[in-house]
Amino acid sequence: MLGTDFSLGSPNWLDLGSPDTGAAAAFYGAVLGWQFVSAGPEAGGYGFFRADGKTVAGLGPLTEEGAKSAWMIHFKADDIQDTVSAVTAGGGTVRTEPMDVMGEGHLAQVTDPQGAEFALWQPGKTAGLEIASAPNTLLWAELHVPDPLAAIAFYEGLFGWRSQDMQAPGMTYRVLSTKDGDQQDASFGGVAPMGGGEAERPRWVPYFHAEDADATAAAATANGGTVLMPAADVPDVGRIAWLADPFGAEFALLKPDPRM
């Protein structure tokens, strides 16, 4: 599962773009127990979600024209310029060129060849999230695309990711691992084929560690969110639910199987 000892291609940051950051902060505070702390007047409304005093995600206003509220997963780049070049060489697109973020690191916003948006973070003073895989923090990153094998080839070209097939009900699920170390220990996410629904689109989805997925889903609906997939047990994985916040940003919950 995810940790904070980031290596090339690790998910090392996560943030939410929202049309109403105050309401979003209130929602995630009620549902996941997070506190929002502003990054200051020079940050353009951006700030940090914290749990037990540690940063678990970021929150800011929508900045891209036509953008819809969504969670954005960032992956560690050792050389962000080279990685951006690899994105375009592999058929992806660059939405925002690399920029320095007040000395904290370098950021770029990109899209893979199938349309899934993600970001790159090259650490400066800020390495990334201060906690992961603990209750109510980022636990897993999942990509949904029409062609999982083509996606894996693209990201392997960027980060050297490895993959391992796992049979799931009705599909083959591909577990992703970073380039180095024991493959199972280095796993951080997976790739699933899109289900073909009209509303479904290629995307990365963050999973948060839920101690009680049913209760957290109920809290989401009580605070204006939507349950997209009710909590259900997945053999050898855990109990999963899919939700959307009041502005449509999708995320998932996972109560891991204790045998994992």
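It should be emphasised that the depicted structure is a prediction, and the values quoted were computed from it without experimental measurement.

### Digging into helix H2 (residues 80-89)
Part 1: Within H2, burial applies to Ile80, Thr83, Val84 and Val87. An end-on view of H2 places all buried positions within 100° of arc, on one side of the element. In H2, the exposed positions that point more than 90 degrees away from the buried face belong to Asp82 and Ala89.
Part 2: Close packing links the buried residues of H2 with strand S6 (93-100), strand S7 (105-111), strand S8 (117-123) and helix H3 (148-159).
Part 3: Remark: Gly91 follows H2 within two positions and exhibits a positive phi of approximately 100°.

### Quick notes on the layout of surface pockets
Part 1: The computed volume of the largest pocket comes to approximately 1,400 Å³.
Part 2: Forming the boundary of the largest pocket are 50 residues, of which Asp15, Tyr46, Met72, His74 and Gln109 lie nearest the centre.
Part 3: Where the lining of the largest pocket is concerned, the elements lending two or more residues are strand S1 (11-18), strand S3 (47-51), strand S4 (54-61), strand S5 (70-76), S6, S7, S8 and strand S13 (203-209).
Part 4: Looking at the lining of the largest pocket element by element, the count peaks at five residues for S5.

### What to know about the side chain of Gln109
Part 1: Positionally, Gln109 belongs in strand S7.
Part 2: Take Gln109: its relative accessible area is 14%, and that puts it in the buried class.
Part 3: With residues near it in sequence (within four places) discarded, Gln109 still touches Glu64, Met72, Val94, Arg95, Thr96, Phe118 and Ala119.

### Focus on the pairing of S8
Part 1: As paired strands, S5 and S8 are joined by three bridges and run parallel to one another. The residue of S8 that forms the bridge with His74 is Ala119.
Part 2: The hairpin formed by S7 and S8 contains five residues between the paired strands, and Gly115 there has a positive phi angle of roughly 105°.

### Some details on the nonpolar core
Part 1: Of all hydrophobic cores here, the largest spans 57 residues; its most connected members are Tyr28, Trp71 and Trp204.
Part 2: For Tyr28, the residues in contact, after removing those within four places along its chain, are Leu16, Gly33, Trp34, Phe49, Trp71, Asp245, Ala249 and Phe251.

### Side note on the sheet that holds S7
Part 1: Taking strand neighbours across the sheet as the criterion, the eight strands line up as S2-S3-S4-S1-S5-S8-S7-S6 in an open arrangement whose pairing is mixed. In the strand order of this sheet, the two ends are held by strand S2 (35-38) and S6, each with one partner. When strand polarity is set aside, the average angle formed by the axes of neighbouring strands in this sheet is 25°.
Part 2: Bridge analysis of S1 against S5 gives six bridges, and the strand direction is antiparallel. Paired with Gly17 across the strands is Ala70, a residue of S5.
Part 3: Lying over the sheet, helix H1 (residues 21-32) contacts S1, S2, S3, S4 and S5, oriented at roughly 150° with respect to S4.
Part 4: The strands touched by H2 within the sheet are S6, S7 and S8, with S6 carrying the most contacts at an inclination of about 175°.

### Notes on the pattern of salt bridges
Part 1: One pass over the full model with this rule turns up nine salt bridges.
Part 2: Among the salt bridges present, the one from Lys76 reaches Asp78, with a minimum N-O distance of 2.5 Å.
Part 3: Assessed through its relative accessible area of 14%, Lys76 is described here as buried.
Part 4: Across the pair Arg203 and Glu200 runs a salt bridge whose closest N-O atoms are separated by 3.5 Å.
Part 5: Residue classification places Glu200 among the partly exposed positions, given a relative accessible area of 22%.
Part 6: A cluster of three or more residues bridged by salt bridges with shared partners is formed by Glu200, Arg201, Arg203 and Glu250.

### A look at unusual backbone geometry
Part 1: Phi is positive for Met102, which is not a glycine, with a value near 50°.
Part 2: Turning to its location among the elements, Met102 is positioned in the loop between S6 and S7.
Part 3: According to the relative accessible area criterion, Met102 is partly exposed, its value standing at 47%.
Part 4: The backbone of Asn136 sits at a positive phi, close to 65°, despite the residue not being glycine.
Part 5: When you line up the elements, Asn136 lands in the loop between S8 and strand S9 (138-145).
Part 6: Looking at Asn136, the relative accessible area reads 23%, which means it is partly exposed.

Procedures and definitions
- Residues numbered from 1 in each chain as written.
- Predicted model: local features only at pLDDT ≥ 70, side-chain atom pairs only at ≥ 80, totals over all residues.
- Heavy atoms only, no water.
- Buried < 20%, exposed > 50% of the residue type's maximum accessible area, 1.4 Å probe, protein only.
- Helix = DSSP H or I, 4+ residues; strand = E, 2+ residues; numbered from the N terminus.
- Arc of directions from axis to C-beta.
- Contact = heavy atoms within 4.5 Å.
- 1 Å grid on protein atoms, 1.4 Å probe; cavity = no way out; pocket = protein on both sides within 12 Å on 5 of 7 lines; lining within 4 Å.
- Points joined across faces, edges and corners; volume = space filled by probe spheres on them.
- Pairing = 2+ DSSP bridges.
- Core = buried A, V, L, I, M, F, W, Y, C linked by side-chain atoms within 4.5 Å.
- Axes fitted to C-alpha atoms, helices over the stretch in contact; angles between N-to-C directions.
- Salt bridge = Lys/Arg side-chain N within 4 Å of Asp/Glu carboxyl O.

So, to be careful, I would describe these as geometric facts and stop short of saying anything about function.
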